[in-house]
Amino acid sequence: LETRRPDALFHDPYAERLAGEHGFRIANTLPHGNKQEWAWVARTYLFDQYLSGAIADGADMIVNLAAGLDARPYRMNLPPALQWIEVDFPEIIAYKEEILAKDKPRCQLERISLDLSDLTARCDLLTRLDARAKKIVVATEGLLIYFSVGAVASLASDLAAQTHFHTWIID
């Protein structure tokens with residue numbers, strides 16, 4: 001909906017396709033309808049700004065944990081050499097790959113199917129990613145509200161244990 005506004009803060013031509021009719025039905029069942037959409041718009045805009053700033057400051061990898069239906073690798077102005085890693089459940093990754101199959105990301109995009117609650121697999125992934133870049137930014141947009149305090153602390157410890165993970169953008 002933001003993309004359709006004449007004064008839009010960002011344009012996401014992929015959002016409508018990714019949400020599909022099912023997504024609109026879900027949004028329309030919210031207790032207050034879409035009256036709270038400003039919060040999602042603000043969060044998206046701010047994440048865009050933080051990510052752009054980190055990339056301008058030399059980030060060479062973005063790791064988007066629980067990437068969901070995010071289309072930033074397709075819609076943002078990104079360096080072609082930037083590594084962008086999306087991590088999410090296998091069914092989310094498969095759905096997204098199907099919807100965006102004919103579209104080309106603006107950077108080096110890799111999608112990884114992983115349940116982040118699998119601590120061993122998560123640590124293995126973070127270790128492998130740490131070896132591939134020098135300045136890594138992690139984004140967890142809309143994820144941490146689903147975690148317990150202990151699970152957030154565990155993720156923070158796993159990220160801090162890596163050498164090249166420099167920034168964690170959270171909401």
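Structure's up top.
Our subject in this report is the structure included herewith. Everything numeric in this text was worked out from a predicted model, so none of it was measured.

Taken as a whole, this structure holds twelve salt bridges when the rule is applied. Its salt-bridge partner being R17, residue D103 comes within 2.9 Å of it at the nearest N-O pair. Of the two residues, D103 sits in the loop between α4 (90–99) and β3 (108–113) while R17 sits in helix α1 (residues 15–27), which places them 86 residues apart along the sequence. Each of R43, D48, D70, R72, R75, E141 and D171 takes part in salt bridges that share partners, so that together they form one network.

With that settled, the discussion passes to the sheet that holds strand β5 (residues 165–170). An order of β3-β2-β1-β4-β5 is seen for the five strands of this open sheet, with the pairing classed as parallel. Whereas interior strands pair on both sides, the edge strands pair on one side only; in this sheet they are β3 and β5. Neighbour-to-neighbour, the strand axes of the sheet open up by a mean angle of 20°, direction not taken into account. The pairing of strand β2 (residues 83–88) with β3 spans six bridges and is parallel. Pairing of E86 across the sheet is with R111, part of β3. Helix α5 (residues 119–130) rests against β1 (61–65), β2, β3, β4 (136–140) and β5 of the sheet, and its axis sits at about 125° to β5. Here helix α6 (residues 149–160) sits on the sheet and contacts β1, β4 and β5; the angle it forms with β5, its principal contact strand, is near 155°.

Turning our eyes to something else, we now look at the nonpolar core. In terms of nonpolar packing, the biggest core is built from 19 residues, with M61, V63, L65, I85, V87, L129 and F165 touching the most fellow members. Elements with a minimum of two residues in this core: β1, β2, α5, β4 and α6. Setting aside chain neighbours within four positions, we find I85 in contact with M61, I62, V63, N64, E110, I112, L129 and R132. Ranked by size, the runner-up nonpolar core spans 14 residues in total, among them F47, A54, I62 and A139.

Before going further, it helps to spend a moment on the environment of E91. Within the fold, E91 resides in helix α4. In this structure, the C-alpha to C-alpha distance between E91 and S113, residues 22 residues apart in sequence, is 8.1 Å.

Turning our attention to the pairing of β4. Most of β4 is tucked away, with five of its five residues classed as buried. The pairing of β1 with β4 spans four bridges and is parallel. Bridge pairing in β4 links M61 to I136. In the sheet, β4 pairs with β5 via five bridges, with the strands oriented parallel.

Turning our attention to a negative patch on the surface. Together, E91, D115, D118 and D124 make up a negatively charged patch on the protein surface. When its relative accessible area of 38% is taken as the criterion, D118 is described as partly exposed.

Let's shift gears to unusual backbone geometry. Look at A66: it is not a glycine, yet its phi comes out positive at around 60°. Mapped onto the elements of the fold, A66 is located in the loop between β1 and α3 (72–75).

The rules behind these values
Residues numbered from 1 in each chain as written. Predicted model: local features only at pLDDT ≥ 70, side-chain atom pairs only at ≥ 80, totals over all residues. Heavy atoms only, no water. Salt bridge = Lys/Arg side-chain N within 4 Å of Asp/Glu carboxyl O. Helix = DSSP H or I, 4+ residues; strand = E, 2+ residues; numbered from the N terminus. Pairing = 2+ DSSP bridges. Axes fitted to C-alpha atoms, helices over the stretch in contact; angles between N-to-C directions. Contact = heavy atoms within 4.5 Å. Core = buried A, V, L, I, M, F, W, Y, C linked by side-chain atoms within 4.5 Å. Buried < 20%, exposed > 50% of the residue type's maximum accessible area, 1.4 Å probe, protein only. Patch = residues over 30% accessible without salt bridge, like charges linked within 9 Å, V, L, I, M, F, W, Y side chains within 5 Å. Areas by Shrake-Rupley, 256 points an atom, 1.4 Å probe, with all protein chains shown as cover. Lys, Arg positive; Asp, Glu negative; His and termini not counted. Charge placed at Lys NZ, Arg CZ, Asp CG, Glu CD.

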